[in-house]
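Overview (structure and organization)
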Amino acid sequence: MAQESPKNSAAEIPVTSNGEVDDSREHGFNRDLKRSLPAGLGLSETQITSHGFDNTKEGVIEAGAFQGSQAPPLPSVMSPSRVAASPLAQQGSDLIVPAGGQRTQTKSGPVILADEIKNPAMEKLELVRKWSLNTYKCTRQIISEKLGRGSRTVDLELEAQIDILRDNKKKYENILRLAQTLSTQLFQMVHTQRQLGDAFADLSLKSLELHEEFGYNADTQKLLAKNGETLLGAINFFIASVNTLVNKTIEDTLMTVKQYESARIEYDAYRTDLEELNLGPRDANTLPKIEQSQHLFQAHKEKYDKMRNDVSIKLKFLEENKVKVLHNQLVLFHNAIAAYFAGNQKQLEQTLKQFHIKLKTPGVDAPSWLEEQ
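Quantities reported herein were computed from a predicted structural model and do not represent experimental measurements. (Residues numbered from 1 in each chain as written. Predicted model: local features only at pLDDT ≥ 70, side-chain atom pairs only at ≥ 80, totals over all residues. Heavy atoms only, no water.)

Points about the overall build of the protein chain
Helix and strand counts for the protein chain come out as eight helices and five strands. Its helices and strands in sequence order give the protein chain the pattern α-β-β-β-α-β-β-α-α-α-α-α-α, from N to C terminus. Residues classed as buried in the protein chain amount to 29% of the 373 residues present. Considering only residue pairs separated by 6 or more positions, the protein chain has 69% of its internal contacts joining residues 24 or more positions apart. Total accessible area computed for the protein chain in this model is approximately 26100 Å², and 56% of it derives from carbon and sulfur atoms. (Helix = DSSP H or I, 4+ residues; strand = E, 2+ residues; numbered from the N terminus. Buried < 20%, exposed > 50% of the residue type's maximum accessible area, 1.4 Å probe, protein only. Contact = heavy atoms within 4.5 Å. Areas by Shrake-Rupley, 256 points an atom, 1.4 Å probe, with all protein chains shown as cover.)

Concerning the side chain of Lys169
Mapped onto the elements, Lys169 comes out in helix H4 (residues 156-206). A distance of 2.5 Å separates polar atoms of two side chains, one belonging to Lys169 and the other to Glu173. (Polar contact = N/O pair within 3.5 Å; in protein donor to acceptor, adjacent residues only side chain to side chain.)

Remarks on the UniProt feature "coiled-coil region" (unreviewed entry) in the protein chain
The UniProt entry lists residues 155-182 and 290-321 under the feature "coiled-coil region" (unreviewed entry), expressed in the numbering used here. Structurally, residues 155-182 comprises 96% helix and 0% strand, and the distance from its first C-alpha atom to its last is 41 Å. Taken end to end, residues 290-321 comprises 100% helix and 0% strand; its first and last C-alpha atoms sit 46 Å apart. (UniProt positions renumbered as here; feature names shortened; annotations may be inferred.)

Comments concerning the pattern of salt bridges
Within the structure shown, the criterion is met by 19 salt bridges. A salt bridge links Asp310 to Lys306, with the nearest nitrogen and oxygen atoms 3.2 Å apart. With Asp310 and Lys306 both in helix H6 (residues 286-342) and four residues apart, this pair spans about one turn of that helix. Asp310 sits in the partly exposed class, given a relative accessible area of 26%. Judged by relative accessible area, which is 53%, Lys306 ranks as exposed. Across the salt bridge formed by Lys322 and Glu319, the nearest N and O atoms sit 3.2 Å from each other. Linking Lys322 with Glu319, this pair stays in helix H6, spanning three residues, or about one helical turn. According to the relative accessible area criterion, Lys322 is buried, its value standing at 12%. (Salt bridge = Lys/Arg side-chain N within 4 Å of Asp/Glu carboxyl O.)

Some details on the side chain of Asp268
Note on placement: Asp268 falls in helix H5 (residues 211-279). A polar contact of 2.8 Å, which involves the side chain of Asp268, links it to the side chain of Arg264. What Asp268 contacts, discounting residues up to four positions off in sequence, is Gln141, Glu145, Ser151, Arg152 and Thr153.

Quick word on the environment of His191
Counting through the fold element by element, His191 comes out in helix H4. A distance of 2.9 Å separates a polar atom in the side chain of His191 from a polar atom in the side chain of Gln195.

A look at the confidence of the model for the protein chain
The predicted structure's coordinates, where accompanied by low pLDDT, should not be read in detail. When pLDDT is averaged along the protein chain, the result is 74; 65% of the residues meet or exceed 70. Below pLDDT 50 for its whole length, residues 1-13 participates in 17 contacts with residues either more than four positions away or in separate chains. Taken together, the stretch residues 110-115 has pLDDT below 50 and engages in four contacts with residues farther than four places along the chain or on a different chain. (pLDDT = per-residue confidence, 0-100.)

Some words on the environment of Thr351
Secondary-structure assignment places Thr351 in helix H7 (residues 345-354). C-alpha separation for the pair Thr351 and Ala339, spaced twelve residues apart in sequence, amounts to 8.6 Å.

Examining the nonpolar core
Nonpolar side chains in soluble globular proteins tend to end up buried together. Of all hydrophobic cores here, the largest spans 41 residues; its most connected members are Ile162, Ile250, Tyr260 and Val311. Only H4, H5, H6 and H7 provide two or more residues apiece to this core. The greatest single-element share of this core, amounting to 17 residues, is contributed by H5. Sequence-distant contacts of Ile250, defined by excluding residues within four places in its chain, comprise Leu165, Lys169, Tyr172, Leu245 and Leu318. (Core = buried A, V, L, I, M, F, W, Y, C linked by side-chain atoms within 4.5 Å.)

Some details on the environment of Ile162
Here Ile162 shows up in helix H4. We classify Ile162 as buried; its relative accessible area is 0%. Ile162 sits 149 residues away from Val311 along the chain, and the two C-alpha atoms are 9.1 Å apart. Residue contacts for Ile162: discarding those within four places in its chain leaves Val257, Tyr260, Val311 and Leu315.

Quick look at the packing of aromatic side chains
The final tally for this structure, using the stated rule, is six aromatic pairs. Relative to Phe333, the ring of Phe238 has its centre 4.9 Å away and its plane inclined at 40°; by these criteria the two rings are tilted. With Phe238 in helix H5 and Phe333 in helix H6, the pair connects residues that are 95 residues apart, well separated along the chain. The class of Phe333 is partly exposed, set by a relative accessible area of 26%. Between the aromatic rings of Tyr267 and Tyr304, the centroid separation amounts to 5.0 Å while the plane-to-plane angle is 5°, which identifies the pairing as stacked. Here Tyr267 is found in helix H5, whereas its partner Tyr304 is found in helix H6, with 37 residues between them in sequence. Pair check on accessibility: Tyr267 and Tyr304 agree, each one buried. Counting every residue linked through ring pairs, the aromatic cluster contains Tyr260, Tyr267, Phe297 and Tyr304. (Phe/Tyr/Trp six-rings, centres within 6.5 Å; stacked < 30°, edge-to-face > 60°.)

Here you go:
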């Protein structure tokens, strides 16, 4: 050849006289060609032009700039013949580069999957939809029960125990109010007796002719005030124990009862929904709805059974605890009242020691934690 075009050393492949490729350098050409192409250029965008072997010019690969990238145009390089370019064309046909830039596999090679992006707004919307549907069904069930049109599941034994518990709570609250009123009135009486005793003691010192009479009355009022304080401590202990039983223990059980009633309403609502679907026609459109309704009904049935079991256990433990607590408190209340009005000071003090009740001395602050240690 008299004049040859500029050649790239990475693109030159010797060709024999009969058009066969020298296999010793074919792999080196493939590697160098891939390195020479820019990152954004696919093999499918390369136009290969080859000529006959009797022509003096060799084949030329015309590579244009990739439209989706800012890379500069690739200069023309020398190319092998059709035989050498066919393996490269087969390798490039396995990959398709779409406009978005993601690679997907059509024939072979590694698979690249895009992760599904979870939308928080869609998740919240789905939660709101489920809550709205559940609220609608429960509201419809409550209205139908009040109107006498819907059926409700009733556990007669458990419902009777719940009614007794609520009735007892009201009665215990009434006892608690009366005991608090008695405590308030007794405190006022003790305060008056203490003031009256101080007045008698002052007059005993100032009236010589009535010194003994004022002194007797002063001692009596002070003794009554002391016994009243002892009785007041017993009554306050009784009030605190009953208050814990009513407003904490029983209230906790009633909260579980409310959860049980909510589970019962949901169970009846989905049971009614399933019964309505079963009464309707069965076709390709209704069968998926029936299966979904059956699944929801089974889930709410399990929840209802669990809550019913929890209520039964709590009612059993509450009854045992209530009997034990009220037995001790009623014995304390009776012994303290009887000893006070009988004037038996020793018996009154013994009653407080029996139940480990410590009286607070008026005007004396509680000891610090260092003194208790």
